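Structural features, examined
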Amino acid sequence: MKITIVAGARPNFIKIAPLIKAIKKKQTEGVCISFRLIHTGQHYDKNLSDTFFEELNIPKPDCNLDVKSSSQSVQTAAIMIAFEQELLQNPCDVVVVVGDVNSTMSCAIVAKKLNIKVAHIEAGIRSGDRTMPEEINRIVTDSISDYFFTTSKSASDNLLKLGFDKNDIHFVGNVMIDTLYQNLSRITKPFFWDEYQLASENYIVLTLHRPSNVDEQESLKKLLLGIDALAQDKKIVFPIHPRTKAILENSAVTFKNIIFVEPLGYLSFMYLIKNCLAVITDSGGISEETTVLGIPCFTLRENTERPETESIGTNTLVGISVDKLIIAYNSFLKDRKKNYGIPELWDGKSSERIIAVLLTVFSPLELK
C-alpha cells in the first residue's frame with residue numbers, strides 16, 4: 001500500500017509523527033506498506049516547522065511544496081496547484097490528511113479530483129462556528145473523504161447524523177496524544193527557565209493566535225492587560241507569534257507579569273505546559289494536551305470542536321470576555337479540585353489503529 005501523508009502546520013506535524021512511527025513498525029514486520037511525506041510549506045518559520053521535524057524524529061519530507069503564508073484563498077490555490085503536480089508524478093493508493101488547516105482541505109480536494117481515496121484523521125469534529133476558517137476546512141474535507149478517523153464518539157455521531165456510512169467511520173482515539181505519551185520522557189526545560197526563575201506551578205502559560213483575539217491592537221492590549229492583572233503573584237509565559245508581536249510593538253503599554261518569549265519547539269513547550277499552574281489559550285489542540293496532563297485550561301472562545309475536553313477533561317470555556325475569564329480563574333484558585341478524566345481511547349495507540357484499518361480496507365487487489 002502506498003500512502004501519501006500531508007502536513008502543513010504545527011498541529012499537523014505533531015499528529016503525523018506517531019503515524020509514521022506506526023508505518024515503520026509495520027515495515028519491520030514485513031508488511032508491504034510505504035509512505036511519501038509532503039510538507040506543503042504552510043508554516044515556514046523554523047520554530048513552527050523544521051524544529052518539530054527534528055524533535056519528533058519525523059523524516060525529511062519527500063517534497064516541500066513551499067507555498068508559505070498568504071491570504072486564505074491564495075494559499076489554498078497555491079497548495080492545490082502544487083499538490084496536483086505531486087500526485088500526478090507520484091501516484092498513491094490513499095492520501096492521508098490530518099486536522100483542519102488549509103493544507104488539509106486543499107490536498108483532499110486535489111486527491112478526490114484525481115480519483116484517489118482520502119483518509120481524514122480527526123474527522124467529524126465541529127465547533128458550529130462557520131466564521132472560523134478551520135470549521136469550513138473540516139466541513140469540506142469530511143464531505144469528500146472516503147475514510148474517517150475520529151477522536152471521540154461525539155465526532156463519529158456528527159458524521160453519522162450527516163449520513164456517512166458507519167462502515168467508513170472509525171473511532172480510533174487521538175493521534176496528538178500518541179505523540180504526547182511517546183515524548184513525555186524527552187521533554188526539556190525551555191532555555192529561559194532559570195533566567196525567569198520559573199518553577200512548578202509558579203506561572204501560567206498563555207497562547208493566543210485567533211484573529212479575533214490578536215489582529216486588532218486595542219482589543220489585544222485590553223485582553224492582555226486583563227490577563228496580566230488576574231495573575232496576581234504568578235508569572236505569565238506567552239510564546240508570542242511574530243505577527244502578534246509586531247502588532248504590539250508600537251503600543252505604549254507595559255505588563256507587570258507577562259513574559260514574552262519566542263515560539264517554542266514541541267519538547268520545551270510541553271515541559272512548560274506540564275509544569276504550569278494553568279493555561280489560558282484560544283487553541284483547541286492545547287486543551288487536549290492539558291486534559292491528559294491534568295492541567296486546568298481556560299479557553300478564550302465561545303465554542304469548541306473538542307467538547308470532551310470540557311465534559312470529561314480539564315478545559316473551561318470562558319468566551320471572549322476578560323471578566324468571565326477572571327471569574328473562572330478565581331473560582332479555580334478557591335478550589336483547585338476538579339474531577340476530570342481522560343477521554344476514551346486517548347491511550348497512545350491511535351496511530352496503530354489507523355494503520356491497521358487502512359491495511360484492512362485496502363485489499364491487495366485494490367492496490368496500485
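See above for the structure.
A brief look at the structure comes next. Because the structure is predicted, anything quoted here is derived from the model rather than measured.

Counting buried positions along strand β5 (residues 117–121) gives 4 out of 5 residues, so the element sits mostly inside the fold. In terms of strand pairing, strand β4 (residues 94–98) meets β5 through 5 bridges, oriented parallel. Paired with V96 across the two strands is A119, which belongs to β5. With helix α4 (residues 102–113) bridging β4 and the parallel β5, this β-α-β connection has right-handed handedness. Relative to strand β6 (residues 147–150), β5 runs parallel, the two being bridged by 3 bridges. If you follow I121 over to β6, its bridge partner there is F149. Of the crossover connections in this fold, the one passing from β5 over helix α5 (residues 133–144) to the parallel β6 is right-handed.

With that out of the way, let us pick up the sheet that holds strand β3 (residues 63–64). Taking strand neighbours across the sheet as the criterion, the 7 strands line up as β3-β2-β1-β4-β5-β6-β7 in an open arrangement whose pairing is parallel. Every interior strand has two partners, whereas the edge strands, β3 and β7 (169–171), have only one. As paired strands, β6 and β7 are joined by 3 bridges and run parallel to one another. For F148, the partnering residue across the bridge sits in β7 and is I169. Sitting on the sheet, helix α1 (residues 10–28) is in contact with β1 (2–7), β2 (34–39), β4 and β5, with an inclination near 160° to β1.

With respect to topology, 6 strands assemble into an open sheet ordered β10-β9-β8-β11-β12-β13, the strand pairing being parallel. The sheet terminates laterally at β10 (258–261) and β13 (315–317), the two strands that pair on one side only. Taking each pair of neighbouring strands and ignoring which way they run, the sheet shows an average axis angle of 20°. In the sheet, strand β12 (residues 297–299) pairs with β13 via 3 bridges, with the strands oriented parallel. Across the sheet, residue C297 finds its bridge partner in β13, namely N315. With respect to the sheet, helix α14 (residues 322–334) is in contact with β8 (203–207), β11 (278–281) and β12, its orientation differing from that of β12 by roughly 170°.

What you see with β11 is no split at all: A278 and I280 on one side and V279 and T281 on the other are buried throughout. In this structure, β8 lies alongside β11, joined through 4 bridges in parallel fashion. Along β11, the bridge assignment pairs L206 with I280. Of the strand pairs in this sheet, β11 and β12 are connected by 3 bridges, and their pairing is parallel. The residue of β12 that forms the bridge with T281 is T299.

What follows concerns helix α11 (residues 266–274). What sets the pattern is the α-helix's 3.6 residues per turn: residues three or four places apart point alike. A large share of α11 lies buried, amounting to 8 of its 9 residues. Within α11 the residues assigned to the buried category are Y266, L267, S268, F269, M270, Y271, L272 and I273.

This paragraph deals with the environment of D233. Within the fold, D233 resides in the loop between α9 (217–230) and β9 (235–239). Judged by relative accessible area, D233 falls into the exposed class, the value being 63%. Along the sequence, D233 and S127 sit 106 residues apart, while their C-alpha atoms lie 34 Å from each other.

All right, on to the packing of helix α7 (residues 175–183) against helix α12 (residues 285–293) then. Axis separation between α7 and α12 bottoms out at 10 Å; the angle between their running directions is 50°. Between α7 and α12, the angle is such that the two are oblique. For the pair α7 and α12, the crossing hand works out as right-handed. For the pair α7 and α12, contact is made by M176, I177, L180 and Y181 and by G285, E288, E289, V292 and L293, respectively. Here the contact of α7 with α12 is built from residues that sort into 6 nonpolar, 1 polar and 2 charged.

On to the nonpolar core, then. Across soluble globular proteins, nonpolar side chains show a tendency to be buried alongside one another. Counting 61 residues, the largest nonpolar core has I3, I5, I58, F149, L272 and L358 as the members making the most contacts within it. The dominant element in this core, judged by the number of residues it contributes, is α1, at 8 residues. Beyond its immediate sequence surroundings of up to four residues, L272 is in contact with P190, F192, W193, L198, Y203, V205, V237, P239 and L264. Core analysis: the next-biggest nonpolar cluster, separate from the first, contains 28 residues, L206, L220, L224 and L248 among them.

Positive phi is not limited to glycine here, since D66 has a value of about 55°. Considering the arrangement of structural elements, one finds D66 in the loop between β3 and α3 (72–89). By relative accessible area, D66 is classed as partly exposed at 47%. One non-glycine residue, E122, adopts positive backbone phi at about 80°. Assignment of secondary structure puts E122 in the loop between β5 and α5.

Calculation rules
- Residues numbered from 1 in each chain as written.
- Predicted model: local features only at pLDDT ≥ 70, side-chain atom pairs only at ≥ 80, totals over all residues.
- Heavy atoms only, no water.
- Buried < 20%, exposed > 50% of the residue type's maximum accessible area, 1.4 Å probe, protein only.
- Helix = DSSP H or I, 4+ residues; strand = E, 2+ residues; numbered from the N terminus.
- Pairing = 2+ DSSP bridges.
- Right-handed = clockwise from strand over helix to strand, strands pointing away.
- Contact = heavy atoms within 4.5 Å.
- Axes fitted to C-alpha atoms, helices over the stretch in contact; angles between N-to-C directions.
- Parallel < 35°, antiparallel > 145°, perpendicular 65-115°, else oblique.
- Left-handed = near helix turned anticlockwise from the far one by under 90°.
- Nonpolar A, V, L, I, M, F, W, Y, C, P; charged D, E, K, R; others polar.
- Core = buried A, V, L, I, M, F, W, Y, C linked by side-chain atoms within 4.5 Å.

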